[in-house]
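The residues making up each chain are set out below.
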Amino acid sequence: MISEINMHEKFKEKLDVDFKRYKILGACNPPYAYKALQAEDKIGTMLPCNVLVIEQGQNKIEIAAVNPVASMQAITNPSLGDVALEVTNKLKKVIESLK
């Protein structure tokens, strides 16, 4: 993880409103990020991969992430496909391990 944004705290601090516990984690695997940037230098607009951790109720936490294969289809560069698939598989494993 390279970044963490606590939306609950930010909304309280900036807007003085209460919001459920909601974190955005910026996940980065440097070797895959490097491969992706070598294939397409504009892919940096989609890095890091964001993973959400949302409290949906008492003792109920939801984990969500964008599918890199789906998001990278927006860029017409076929060489990104393999990297996106590898990253998707790694993200799935991490999320599945949390269940």
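I will try to describe carefully the structure that is included in this document. (Residues numbered from 1 in each chain as written. Predicted model: local features only at pLDDT ≥ 70, side-chain atom pairs only at ≥ 80, totals over all residues. Heavy atoms only, no water.)

**A closer look at helix 2 (residues 30-39)**
Among all positions of helix 2, only Tyr32, Ala33 and Ala36 are buried. Take helix 2 and look down its axis: the buried residues cluster within an arc of 100 degrees, on one side only. Relative to its buried face, helix 2 has exposed residues pointing more than 90 degrees away, namely Pro30, Tyr34 and Gln38. In the core, the buried residues of helix 2 are packed alongside helix 4 (80-97). (Buried < 20%, exposed > 50% of the residue type's maximum accessible area, 1.4 Å probe, protein only. Helix = DSSP H or I, 4+ residues; strand = E, 2+ residues; numbered from the N terminus. Arc of directions from axis to C-beta. Contact = heavy atoms within 4.5 Å.)

**Let's talk about the layout of surface pockets**
The calculated volume of the largest pocket comes to roughly 410 Å³. No other element matches the 6 residues that helix 4 contributes to the lining of the largest pocket. Residue classes in the lining of the largest pocket are distributed as 19 nonpolar, 1 polar and 1 charged. (1 Å grid on protein atoms, 1.4 Å probe; cavity = no way out; pocket = protein on both sides within 12 Å on 5 of 7 lines; lining within 4 Å. Points joined across faces, edges and corners; volume = space filled by probe spheres on them. Nonpolar A, V, L, I, M, F, W, Y, C, P; charged D, E, K, R; others polar.)

**Observations regarding the nonpolar core**
In terms of nonpolar packing, the biggest core is built from 13 residues, with Ala36, Ile43, Met72, Leu80, Val83, Val87 and Leu91 touching the most fellow members. Elements represented by at least two residues in this core include exactly helix 2, strand 3 (49-57) and helix 4. Sorting elements by how many residues they give to this core places helix 4 first, with 5 residues. Look past the residues within four positions of Leu80 in its chain and what remains in contact with it is Ala36, Ala39, Glu40, Ile43, Met72 and Ile75. (Core = buried A, V, L, I, M, F, W, Y, C linked by side-chain atoms within 4.5 Å.)

**Things to note about helix 4**
Helix length check: helix 4, at 18 residues, gives a terminal C-alpha distance of 26 Å against a target of 26 Å (1.5 Å per residue), a fit within 8%. When helix 4 is considered as a whole, its buried residues turn out to be Leu80, Val83, Ala84, Val87, Thr88, Leu91 and Ile95. Buried residues of helix 4, seen end-on, are gathered within an arc of 135 degrees and therefore sit on one face of the element. In helix 4, the exposed residues that point more than 90 degrees away from the buried face are Asp82, Lys92, Lys93 and Ser97. Lining the buried residues of helix 4 we find helix 2, strand 3, strand 4 (60-65) and helix 3 (68-72). (Expected span 1.5 Å × (residues − 1).)

**Points about the sheet that holds strand 1 (residues 3-6)**
Ordered in space as 1-2-3-4, the 4 strands form an open sheet in which the pairing is antiparallel. Both outer strands of the open sheet, strand 1 and strand 4, are each paired with one neighbouring strand and no more. When strand polarity is set aside, the average angle formed by the axes of neighbouring strands in this sheet is 20 degrees. Here 4 bridges tie strand 1 to strand 2 (residues 22-27), and the two strands are oriented antiparallel to one another. Along strand 2, the bridge assignment pairs Glu4 with Leu25. (Pairing = 2+ DSSP bridges. Axes fitted to C-alpha atoms, helices over the stretch in contact; angles between N-to-C directions.)

The quantities given are spatial measurements derived from coordinates; they are silent on function.
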